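Topology and contacts: notes
Residue-level listing of the chains:
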Amino acid sequence: VAVKLRGISLSALLLGLLTALPVQAQLSFEKTNLEIEAKASDMKAEAVFPFKNTGSEIITIREVKPSCDCTAARLEKRTYRPGESGTITAVFTFGDRVGMQFKQVVVKTDEEPKGVYPLSFQVRILAPLTVSPLAVFWSRGEAASPQVLRIVASDSVEKLEVKPRSGKVKTELRETTEGRVYELMVTPQSTDETFRETIVVEAQIAGTGKTTVTCYAYVK
Amino acid sequence: MNRVSARGIGGILLFALLPALVSWGWHWHAGLLPKAGASVERVSVGRLPVGAEVLWVDARPVAAYEEEHIPGALSLNEESWSAQLPAVLDRWQPAMTVIVYCGSESCHASEAVAQRLMRETGWTNVRVLEGGWEAWKNDRSSR
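Residues numbered from 1 in each chain as written. Chains lettered and ligands numbered in written order. Predicted model: local features only at pLDDT ≥ 70, side-chain atom pairs only at ≥ 80, totals over all residues. Heavy atoms only, no water.

1. Examining the sheet that holds strand β17 (residues 209-219) of chain A
Strand pairing in a sheet relies on backbone hydrogen bonds. The paired strands run either parallel or antiparallel. Pairing within the open sheet is mixed, and its four strands lie in the order β11-β17-β16-β13 (chain A). Of all the strands in the sheet, just β11 (135-138) and β13 (157-164) of chain A have a single pairing partner and so form its edges. Neighbour to neighbour, the strand axes of the sheet diverge by 20 degrees on average, direction disregarded. Where helix α3 (residues 81-91) of chain B meets the sheet, it contacts β11, β16 (195-205) and β17 of chain A, and its direction lies at approximately 10 degrees from that of β17 of chain A. (Pairing = 2+ DSSP bridges. Helix = DSSP H or I, 4+ residues; strand = E, 2+ residues; numbered from the N terminus. Axes fitted to C-alpha atoms, helices over the stretch in contact; angles between N-to-C directions. Contact = heavy atoms within 4.5 Å.)

2. Quick notes on the packing of aromatic side chains
Throughout the structure, instances matching the rule amount to 12 aromatic pairs over all chains. Taken together, the aromatic side chains of Phe29, Phe51, Tyr80 and Tyr117 of chain A make up a single cluster linked through ring pairs. In this structure, Lys77 of chain A packs its charged tip against the face of Tyr80 of chain A, placed 5.2 Å from the ring centre. Sitting above the plane of the Trp133 of chain B ring, Arg60 of chain B keeps its charged end 4.8 Å from the centroid. (Phe/Tyr/Trp six-rings, centres within 6.5 Å; stacked < 30°, edge-to-face > 60°. Lys NZ or Arg CZ within 6 Å of the ring centre and 35° of its normal.)

3. A closer look at the pairing of strand β2 (residues 33-39) of chain A
Residues and elements named next belong to chain A. Residues of β2 alternate between two faces, with Leu34, Ile36 and Ala38 buried on one and Asn33, Glu35, Glu37 and Lys39 left unburied on the opposite face. Bridge analysis of β2 against strand β9 (residues 115-126) gives seven bridges, and the strand direction is parallel. What sits directly across from Lys39, in β9, is Leu126. (Buried < 20%, exposed > 50% of the residue type's maximum accessible area, 1.4 Å probe, protein only.)

4. Examining the state of the cysteines
Disulfide: a covalent bond connecting the sulfur atoms of a pair of cysteines. Residue and element names in this part refer to chain B. A complete count under the given rule lists two disulfides over all chains for this structure. Two residues, Cys102 and Cys107, share a disulfide whose sulfurs are 1.8 Å apart. Residues Cys102 and Cys107 share a disulfide whose torsion about the S-S bond is about 90 degrees; that sign makes it right-handed. Since its relative accessible area comes to 21%, Cys107 is described here as partly exposed. (Disulfide = S-S within 2.5 Å.)

5. Some details on the side chain of Ser75 of chain B
Residues and elements named next belong to chain B. Its place among the elements puts Ser75 in strand β3 (residues 74-75). Since its relative accessible area comes to 13%, Ser75 is described here as buried. Reaching out from Ser75, the side chain makes a polar contact with the side chain of Gln84 at a distance of 2.9 Å. Beyond its immediate chain neighbours, meaning those up to four positions away, Ser75 contacts Asp58, Val62, Tyr65 and Gln84. (Polar contact = N/O pair within 3.5 Å; in protein donor to acceptor, adjacent residues only side chain to side chain.)

That's the geometry; what it means functionally is another story.
Written out as C-alpha cells, the structure is:
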C-alpha cells in the first residue's frame, strides 16, 4: 500500500508541476517594464515594447488589453513567424493626472496552454506647480485658525502669485525653500456662515506663459 | 495500514503544496498578483454603512456614468479631475462617508481616485466599493 501511495504522490507531484509551471515564453520582450518621465504639458506618453518570436511556431496575438481607459495599445500586426520581430506601443493620455502613474498592458497569444505576457510602465508626470492639500475646511462656528497649503514649484517657475476670488479668506505666502517650496497660510475672516472661497495660485513659467492651480477653502 | 494511509495522504498533500508554491512564485515574479499596499479601506455592497450619509463617487469614464450610475453619485475621474472636483467638494459634509466605485473588481480607477481625494482634501472617511458598479447592480437586481 505504501508503495502504491508513494506512486500516487509522485504522480500528483509531476501532474501538479506540469500544470503549475509556465511554458517557456516564445515571445521575448526586450523589456517588460519601462520608466518614463514626462511633463504634464506633454499630454501623453508612449511606451514601446519591442519583441521577437523566439519559438519555432507561428504566434498570433489575440488580445492586447490595457489596464485603464486612459491607455490605448497599438500593434503593428497580429501574426508573427519564428524569428520575426514586432512592437507593441501603449499610448497613455494623462488627462488631469500628475505624479507617479503605474500602467499595465496584458498581451494574450494563441500559445497553449497559456500565452500571457504582462507588460508594465511607470510614468512620472511632472507638473510645474503642485499644491497639497487642494482644499481646506472649517466647521461653522469653529475657531478661524489658519490652515496651510504646501506649494512646490518646478525650476521653470519664475514668479508665483496667489489670488483669492473674494475677501472671505486671508492668504499669506511664505517661501520655505528659495524659489521651490512655499507655504500658503489660509485663514477665514469668519466661520459664522458657510461659504466656498476659490483661491487661484498662478505661476509664471519661463518661456511658456502662465499656469494656474485652483484651490478651495470651505466653511461647512 | 491506517498509519501508512495517513502518511501517504500527508505525502500527497505535501506534494500538492509544492506546485502551488511554484505557481505562486511564478505569478509573483510575473507581476500578476494583486499589488499590496492598497491603502483605502474597502466596503462590500452587503456591508454599506448603516445610518450614515453616503457620498457616492463614480470613478468610471463620463460616458459610463452618463449611461447609468448609483442614484445621487457624482462623477469624478482623473481625466477631468479639475472640472469635476468642485461639485464633490460642494456636496461633501463632515459626517459623510465617501464611497468610490469603478466598473468592476478588475478596475483600479476607484482606488486611484479615492487615494487622490484623500490626499487633496485630507478626508479620512473614504472607502472603495468592492466589485464596483457591477457588484452594486447585481445586488440591486437580486433583490
